[in-house]
Amino acid sequence: MKTVEIEARQTTWEYRPGQTIDAYGYDGQVPGPIIEARVGEPLEVRFTNRLPEPTTIHWHGLRVPAAMDGTDDVQPLVQPGETFVYRFTPPDAGTFWYHPHANEAEQLEKGLYGALVVRGDGEPIVDRERVLVLDDLKLDRRGQLAPFGGLKQRHDGREGDVRLVNGRAEPELRMAAGQIERWRVINAASARYVRLSIGGRPFRIIGTDGGLIEQPVTATEVLLPAADRIDILVGPFEEGETLDVQALRYLRMTMGRRGTESFATLRVGPAEPSVALIPRRLREIPALAALDAAPNRTVKMSVGPSLRRGLDFLVNGERHHQDKPVRVGELQVWDIVNKSLMDHPFHLHGFFFQVLSVNGQPPAFRSWEDVVNLPPRSTTRIAWMPDDRPGNWMYHCHILEHHEAGMMGHFAVAREDSMLQQTSQHQVHHHHQH
Ligand SMILES: [Cu+2]
């Protein structure tokens, strides 16, 4: 078993040399420490809250037991001064992250997030690996965090003009010529979409949210909605090259608009020998369902005017939707319908899904995901299998301001026996009403 101690506390965050803000950090740093884990090895994280407010840790993407998911559906909030022990055994290799699931829009913006890397057997061999956690900061004129709230932030989600890689504004990265690196890229921003480009040069996608894909896919850009991850092979480049690690223009139908913006500069130094060994076949991902499988649930995401709040962010017409339970072992095929005129990143807790189609079109390659972007006025069909981890789970938009406004659904995963019990209780209740 591996034990990790981690503490959330107030800290001074130097996001650019000589420029600091009052922030929160796991172990006082932003991002928090990278937690390294191995498939099948039990992990125990002893978490202490030294913040002046309650918090939790959600293990984003990890297939943990329900009680370890870190939401207030499954645990009491960890109060200031308290310790909570998270225990789980990671079943999958991949690039994951951890962050609070309480007062999220503020706590993440203030710096509470970190990477969790799970390693397995048979990973490609690369010359160097790095984790790049992307984020942005919205500051006021004095260089401190701008106030939270307002209609634009409620509509768009919070985006700032300071663009960060691993907690530093537009840093310089150096790599050796002739080498191949594996970059594990995590978009930890509250709302920003990153259409990632590395100076327009080709890179190879080898993994997504749920680990390796079947074979490397060459691309010159990839879209990372908020909370999404991608594993890519970068290089080889030649000595003296300088590449802009940037986000290309992406219009997600917000009030604010952005062009191409830089996140980091990559400088290529003298050549080093390469030992990289990338198999043509990375792993097998069996199809969970036929591409035209019939859906057994529809989840409608919408945005509408509200007299009291200005705007409402809804699932199936309500805030904090209570959805029907699903049964362990029963294949789920869901149509996620985005009725709104803007993009939303849909996140399912605790389970991976396969995207079957977006507006009837299959994706470019099969993968395991826990986040998928929902384009405006679209239908995304996903398939997932509830394995035997009963309890309370949720799905939500990962634009944190939309999530907090109620664009989420709660549901139970139940074993067959408890489903029967629930059904019969429901019938009895129903009977009494008549
Ligand atoms: Cu949203």
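(A) Highlighting the coordination of the copper ion. With distances of 2.0 to 2.1 Å, the protein atoms coordinating the copper ion are His344 (ND1), Cys397 (SG) and His402 (ND1). Mapped onto the sequence, the residues coordinating the copper ion show the spacing H-x52-C-x4-H. Of the residues examined, Cys397 reaches a relative accessible area of 0% and is grouped as buried. On the accessibility criterion, His402 (0% relative accessible area) is buried.

(B) Seen up close, the environment of Arg297. Note on placement: Arg297 falls in strand β21 (residues 297-306). Along the backbone, Arg297 and Lys324 are 27 residues apart, and their C-alpha atoms lie at a distance of 9.3 Å. Side-chain polar atoms of Arg297 contact the side chain of Asp323, separated by 3.2 Å.

(C) Seen up close, the environment of Asp140. Inspection of the secondary structure assignment puts Asp140 in the loop between β9 (128-137) and α2 (151-156). Accessibility expressed as a relative area gives 24% for Asp140, which makes it partly exposed. Here the alpha-carbon distance between Asp140 and Arg309, two residues 169 residues apart in the chain, equals 25 Å. For Asp140, the residues in contact, after removing those within four places along its chain, are Leu145 and Ala146.

(D) Fine view of a nonpolar patch on the surface. A contiguous nonpolar surface patch, about 300 Å² in accessible area, is contributed by Ile125, Val275 and Leu277. Looking at where Leu277 falls in the secondary structure, it is placed in the loop between β20 (261-271) and β21.

(E) View of the pairing of strand β19 (residues 242-248). Within β19, 5 of the 7 residues are buried, which leaves it mostly tucked inside the rest of the structure. In terms of strand pairing, strand β14 (residues 194-198) meets β19 through 4 bridges, oriented antiparallel. Opposite Arg195, over in β19, you have Leu248 as the bridge partner. Bridge analysis of β19 against β20 gives 6 bridges, and the strand direction is antiparallel. Bridge assignment links Val245 to a residue of β20, and that residue is Ala264.

(F) Molecular detail of the pattern of salt bridges. One pass over the structure, following the stated rule, counts 40 salt bridges. Here Glu172 makes a salt bridge to Arg174, at a shortest N to O gap of 2.9 Å. For Glu172, a relative accessible area of 41% gives the class partly exposed. With a shortest N-O distance of 2.9 Å, Arg267 and Glu172 are connected by a salt bridge. One end of the pair, Arg267, is in strand β20; the other, Glu172, is in strand β12 (residues 172-177), and 95 residues separate them in sequence. Taking relative accessible area as the criterion, Arg267 reaches 32% and is therefore assigned partly exposed. Each of Asp136, Glu159, Asp161, Arg163, Glu170, Arg192, Arg252, Arg258 and Glu261 takes part in a single network of salt bridges with overlapping partners.

(G) The arrangement of the sheet that holds strand β7 (residues 94-99) in detail. Read from one edge of the open sheet, 4 strands run β3-β8-β7-β5, paired in mixed fashion. Taken across any chain shown, the strands that pair with only one partner, and hence form the sheet edges, are β3 (35-38) and β5 (58-60). Strand after strand, the sheet turns through a mean of 25 degrees between neighbouring axes, direction not considered. Pairing of β3 with strand β8 (residues 114-119) involves 4 bridges; the strand directions are parallel. Across the sheet, residue Glu36 finds its bridge partner in β8, namely Val117.

(H) Seen up close, the pairing of β8. Within β8, 5 of the 6 residues are buried, which leaves the element mostly enclosed by the surrounding structure. Pairing of β7 with β8 involves 5 bridges; the strand directions are antiparallel. In the sheet register, Trp97 faces β8, and the bridge partner there is Ala115.

Analysis parameters
- Residues numbered from 1 in each chain as written.
- Predicted model: local features only at pLDDT ≥ 70, side-chain atom pairs only at ≥ 80, totals over all residues.
- Heavy atoms only, no water.
- Donors = N, O, S within 2.8 Å, 3.2 Å for Na, K, Ca; no water.
- Buried < 20%, exposed > 50% of the residue type's maximum accessible area, 1.4 Å probe, protein only.
- Helix = DSSP H or I, 4+ residues; strand = E, 2+ residues; numbered from the N terminus.
- Polar contact = N/O pair within 3.5 Å; in protein donor to acceptor, adjacent residues only side chain to side chain.
- Contact = heavy atoms within 4.5 Å.
- Patch = residues over 30% accessible without salt bridge, like charges linked within 9 Å, V, L, I, M, F, W, Y side chains within 5 Å.
- Areas by Shrake-Rupley, 256 points an atom, 1.4 Å probe, with all protein chains shown as cover.
- Salt bridge = Lys/Arg side-chain N within 4 Å of Asp/Glu carboxyl O.
- Pairing = 2+ DSSP bridges.
- Axes fitted to C-alpha atoms, helices over the stretch in contact; angles between N-to-C directions.

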